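Survey of secondary and tertiary structure
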Amino acid sequence: MLYRILITALVCYFLGNHNGAICVSAMLHDDVRTHGSGNAGLTNFIRNYGAGRSLMVIAIDVGKAVLACLVAGLVFEPYGWGLEGKVLGGVCVMLGHDFPALQGFKGGKGILSGWFIAWMVNWRIGALIGVVFAAGYFLTQYVSLGSVLAAIAFGIGFVVFHYDNYPVMLGGLFMSLLTLFMHRGNIGRLIKGEERKTNLFGKGKKQ
């Protein structure tokens, strides 16, 4: 069983290494990490390349999150641990996204992948995250504030809906705290009033 856990964790981690923003910017003979905030995330990609080109970024980051959860869930389903397997896949793919060994450990912040991990584990948590992010962003135009609030909702959702399953609940709390950690710089700028607002439907700079 330990062998299965380790192999599944490694597969999902390296699946997470395939960062959408890095892959698509590479197709444009560029590196998103050399622009703007230097982050390999969707927001920085949109700021520099536009919303239209972000569709492929979204497809990659969503696809790998869904695939990791599906694969890990199927591996452990015969043992009655399908849900726990999905959470393991989610944790590992998010770690691979945030700290990709194949990309110099400089990745994104995991909010989009995390959202779809939540959908795969429990649709109610996914819906909660979507509503909280949308409210936070559309009321303020701060993507980072919406993301931080969504990360908090992520953790709360796992506690509320999976309090009776410690591996699932703890996995959800870990992903929530990891996402908050990845947004620590944004949190500091929000507190200081220095954070930049973002038009998620903008054209970007690299046309």
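To keep things clear, this report deals only with the structure shown in the data block. (Residues numbered from 1 in each chain as written. Predicted model: local features only at pLDDT ≥ 70, side-chain atom pairs only at ≥ 80, totals over all residues. Heavy atoms only, no water.)

The next subject is the packing of aromatic side chains. Considering all chains together, one arrives at eight aromatic pairs under this definition. An angle of 20 degrees between the planes, with centres 5.0 Å apart, marks the rings of Phe154 and Phe158 as stacked. Residue Phe154 and its partner Phe158 are located together in helix α8 (residues 143-162), separated by four residues, close to a single helical turn. Phe158 shares its class with Phe154; the two are buried. Members of the aromatic cluster, connected to one another through ring pairs, are Trp115, Phe116 and Trp119. Looking at Arg184, its charged tip hangs above the ring of Phe181, at a distance of 4.0 Å from the centre. Lying over the aromatic face of Tyr142, Lys197 brings its terminal NZ or CZ to 5.4 Å of the ring centre. (Phe/Tyr/Trp six-rings, centres within 6.5 Å; stacked < 30°, edge-to-face > 60°. Helix = DSSP H or I, 4+ residues; strand = E, 2+ residues; numbered from the N terminus. Buried < 20%, exposed > 50% of the residue type's maximum accessible area, 1.4 Å probe, protein only. Lys NZ or Arg CZ within 6 Å of the ring centre and 35° of its normal.)

This brings us to empty space enclosed by the protein. Under the counting rule described, the total for this entry stands at one cavity of 30 Å³ or more. Considering only enclosed or pocket space, the largest cavity measures out at about 50 Å³ in volume. Residue lining of the largest cavity: Met94, Gly110, Ile111, Gly114, Trp115, Ile129, Ala150, Ala151, Phe154 and Thr179, and that is the complete set. At the level of elements, α6 (111-121) and α8 are the ones that each hand at least two residues to the lining of the largest cavity. Split by residue class, the lining of the largest cavity holds seven nonpolar, three polar and no charged. (1 Å grid on protein atoms, 1.4 Å probe; cavity = no way out; pocket = protein on both sides within 12 Å on 5 of 7 lines; lining within 4 Å. Points joined across faces, edges and corners; volume = space filled by probe spheres on them. Nonpolar A, V, L, I, M, F, W, Y, C, P; charged D, E, K, R; others polar.)

Taken together, the side chains of Met1, Leu2, Ile5, Leu6, Tyr79 and Trp81 make up a nonpolar region of the molecular surface, amounting to roughly 590 Å² of accessible area. Take Trp81: it is sitting in the loop between α4 (54-76) and α5 (82-98). Judged by its relative accessible area of 43%, Trp81 falls in the partly exposed class. (Patch = residues over 30% accessible without salt bridge, like charges linked within 9 Å, V, L, I, M, F, W, Y side chains within 5 Å. Areas by Shrake-Rupley, 256 points an atom, 1.4 Å probe, with all protein chains shown as cover. Salt bridge = Lys/Arg side-chain N within 4 Å of Asp/Glu carboxyl O.)

With that settled, consider the nonpolar core. With 24 residues, the main nonpolar core has Val87, Ile117, Val121, Ile129, Phe154, Phe158 and Met175 as its most contacted residues. Among the secondary structure elements, those contributing two or more residues to this core are α1 (2-16), α4, α5, α6, α7 (123-140), α8 and α9 (166-182). Top element by residues in this core is α5. It accounts for five residues. If we skip the residues at most four places from it in the chain, Val121 touches Leu83, Lys86, Val87, Phe158, His162 and Val168. By size, the runner-up hydrophobic cluster in this structure holds eight residues, among which are Ile22, Val32, Ala40 and Tyr49. (Core = buried A, V, L, I, M, F, W, Y, C linked by side-chain atoms within 4.5 Å. Contact = heavy atoms within 4.5 Å.)

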